[in-house]
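Spelled out from the first residue to the last, the chains are:
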Amino acid sequence: MKDPVRQEVIALADTVVVKIGTNVLTDTDGTLDRGRLQALADQVQRIRQSGRKVALVSSGAIGAGIGHLGLGRRPTNLRHLQACAAVGQGFLMRAYQEALAGHGTHTAQILLTASDFDNRTRYLNARNTILTLFEWNCLPIINENDTVSVAEIRFGDNDHLAAMVTNLLRAPLLMLLTVVDGLCATDPNANPGASIMLTVPQIDGSIMDMAGGSRSALGTGGMRSKLRAARLVTAAGESVIIANGKRPLILDEIFAAEPVGTLFMPHGSTVPAWKRWLGYTARPKGRLVVDAGARNAVQNKGRSLLAIGVMQVAGVFGKGDVISLCDSDGTEFARGLTNYSSADATRICGLRTEQIAEALGSLPYDEVVHRDNLVVII
């Protein structure tokens with residue numbers, strides 16, 4: 001039976017990001033499951049044939065390297081992880097190329113790190129490259145550049161990368177394919193018969209509490225990482241579906257608006273491209289702790305942040321860097337581009353605007369963060 005809400009979501013999804021997890025693509029020994037990869041490639045092609053643009057974020061390079069080298073398990077040493085990625089990435093791309101060759105589809109490899117999203121110029125270059133590949137009817141296959149990444153291998157995951165790519169492209173739909181059927185209302189480990197939540201209107205604390213912290217043997221993510229990724233996307237005004245990538249025709253079922261997986265609905269209106277980068281992609285270089293009046297002015301009244309509302313400056317940052325705005329409890333509620341370095345911000349912290357010139361010798365800006373360069377993220 002078709003879900004009318006999903007029918008609307010699918011109808012609006014002219015651009016789609018599909019993320020495929022390591023454990024979807026690999027057997028228990030870490031070797032690539034060629035049959036499953038072929039089935040998913042065929043379904044991706046059917047989505048493309050419907051006139052939609054598709055970007056594929058694929059895990060599996062480290063897992064493929066593990067299997068190809070016969071290691072049997074995921075190494076814990078960084079250089080071994082990077083070496084596995086170096087071996088596995090080419091093996092993974094060749095598998096996709098062979099799977100799509102029969103469709104006459106060209107594939108393109110894009111390797112990214114978190115720092116590519118922090119830098120505005122590199123961010124736009126990545127976006128322009130992907131859009132050009134769409135124009136040329138190529139399928140972009142995106143992965144973290146694990147051979148040079150450090151923190152990304154240890155702490156990151158492709159769920160977060162897929163969310164950033166979704167916001168980069170302003171894609172209306174992100175599909176996270178994993179090895180579970182969706183988000184369960186109760187812990188499936190304690191209750192094997194736990195029901196799947198078909199629709200989640202908003203990802204709040206109670207929804208996050210439903211996810212365990214477990215990670216898989218070959219991958220790096222878990223349900224909590226998927227919910228964090230989904231929250232990034234839905235906060236920017238787009239939809240997310242978490243579903244079981246081992247289900248034989250999962251993408252066909254999703255695009256037929258069948259009630260499979262868990263649909264996470266957009267929270268609020270669609271965010272413009274510039275503010276997606278500012279609020280949901282670039283990593284803050286520092287933090288300003290503000291008082292209750294400043295938070296209310298920024299969050300609820302659409303005002304800029306003035307120095308008088310700043311209580312504390314944390315981190316080292318320069319003029320024009322992305323910073324977080326937090327309340328006295330440490331809750332981050334906004335991000336923006338600072339008009340002042342951390343050193344100058346510390347000197348004018350708590351001052352009225354007319355006092356800034358006395359403290360600094362001049363008044364470069366009335367605002368610490370101007371409203372035009374600020375995004376409320378809660």
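Predicted, not measured: the structure shown is a model, and the values here were computed from it.

What about the side chain of D116?
Right, so step 1: With respect to the helices and strands, the residue D116 is situated in helix 6 (residues 114-118).
Right, so step 2: A polar atom in the side chain of D116 sits 2.8 Å from the backbone nitrogen of T113.
Right, so step 3: Setting aside chain neighbours within four positions, we find D116 in contact with L111, R122 and Y123.

What to know about the sheet that holds strand 1 (residues 15-20)
Right, so step 1: Taken in spatial order, the 8 strands make up an open sheet running 3-4-2-1-5-7-8-6, and their pairing is mixed. Strands at the two margins of the open sheet, each flanked by one partner only, are strand 3 (106-112) and strand 6 (199-200).
Right, so step 2: Here 6 bridges tie strand 5 (residues 173-178) to strand 7 (residues 239-244), and the two strands are oriented parallel to one another. Each residue of the ladder has a partner; that of L174, found in strand 7, is V240.

Here's the deal with the packing of aromatic side chains
Right, so step 1: The tally for this structure, following the rule as stated, stands at 4 aromatic pairs.
Right, so step 2: Chaining the aromatic ring pairs together yields one cluster made of F117, Y123, W274 and W277.
Right, so step 3: Its guanidinium or amino end placed over the ring of F91, R34 lies 5.6 Å from that ring's centre, counting from NZ or CZ.

Here's the deal with the pattern of salt bridges
Note on pairing: side chains with opposite charge can pair once their charged atoms come close.
Right, so step 1: In total, this model carries 15 salt bridges according to the counting rule given.
Right, so step 2: We note a salt bridge from D159 to K19, for which the minimum N-O separation is 2.9 Å. Here D159, found in helix 9 (residues 158-169), pairs with K19, found in strand 1; they are 140 residues apart in sequence, far enough to count as distant.
Right, so step 3: A cluster of three or more residues bridged by salt bridges with shared partners is formed by K19, D159 and K226.

Describing the packing of helix 9 against helix 11 (residues 223-235)
Right, so step 1: Relative to each other, helix 9 and helix 11 sit at 10°, their axes nearing to 8 Å. Here helix 11 runs roughly parallel to helix 9, going by the angle between their axes. Between helix 9 and helix 11, the residues in contact are D159, H160, A163, T166 and N167 and S225, K226, A229, L232 and V233, respectively.
Right, so step 2: Looking at the contact of helix 9 with helix 11 residue by residue, the class counts come to 4 nonpolar, 4 polar and 2 charged.

Here we look at the confidence of the model for the chain
Right, so step 1: Averaged over all residues, the pLDDT of the chain equals 88, while 92% of them reach at least 70.
Right, so step 2: Here residues 214-220 scores under 50 on pLDDT; set against residues more than four positions off or in separate chains, the count is 23 contacts.

Here's the deal with helix 1 (residues 4-12)
Right, so step 1: Among all positions of helix 1, only R6, V9 and I10 are buried. For helix 1, the angular spread of the buried residues around the axis is 95°, confining them to a single face. Of the residues in helix 1, the exposed ones pointing more than 90 degrees away from the buried face are P4, E8, A11 and L12.
Right, so step 2: In this fold, the buried residues of helix 1 make contact with strand 5, strand 7, helix 12 (250-255) and strand 8 (262-264).

Here we look at the environment of N158
Right, so step 1: Relative to the helices and strands, N158 is located in helix 9.
Right, so step 2: Between the alpha carbons of N158 and S59 there is a distance of 6.5 Å; along the sequence they are 99 residues apart.
Right, so step 3: If near-sequence neighbours (up to four positions away) are discounted, N158 is found in contact with K19, V57, S58, S59, N143 and E144.
Right, so step 4: A distance of 3.0 Å separates the side chain of N158 from the side chain of S59, its partner in a polar contact.

Conventions and cut-offs
Residues numbered from 1 in each chain as written. Predicted model: local features only at pLDDT ≥ 70, side-chain atom pairs only at ≥ 80, totals over all residues. Heavy atoms only, no water. Helix = DSSP H or I, 4+ residues; strand = E, 2+ residues; numbered from the N terminus. Polar contact = N/O pair within 3.5 Å; in protein donor to acceptor, adjacent residues only side chain to side chain. Contact = heavy atoms within 4.5 Å. Pairing = 2+ DSSP bridges. Phe/Tyr/Trp six-rings, centres within 6.5 Å; stacked < 30°, edge-to-face > 60°. Lys NZ or Arg CZ within 6 Å of the ring centre and 35° of its normal. Salt bridge = Lys/Arg side-chain N within 4 Å of Asp/Glu carboxyl O. Axes fitted to C-alpha atoms, helices over the stretch in contact; angles between N-to-C directions. Parallel < 35°, antiparallel > 145°, perpendicular 65-115°, else oblique. Nonpolar A, V, L, I, M, F, W, Y, C, P; charged D, E, K, R; others polar. pLDDT = per-residue confidence, 0-100. Buried < 20%, exposed > 50% of the residue type's maximum accessible area, 1.4 Å probe, protein only. Arc of directions from axis to C-beta.

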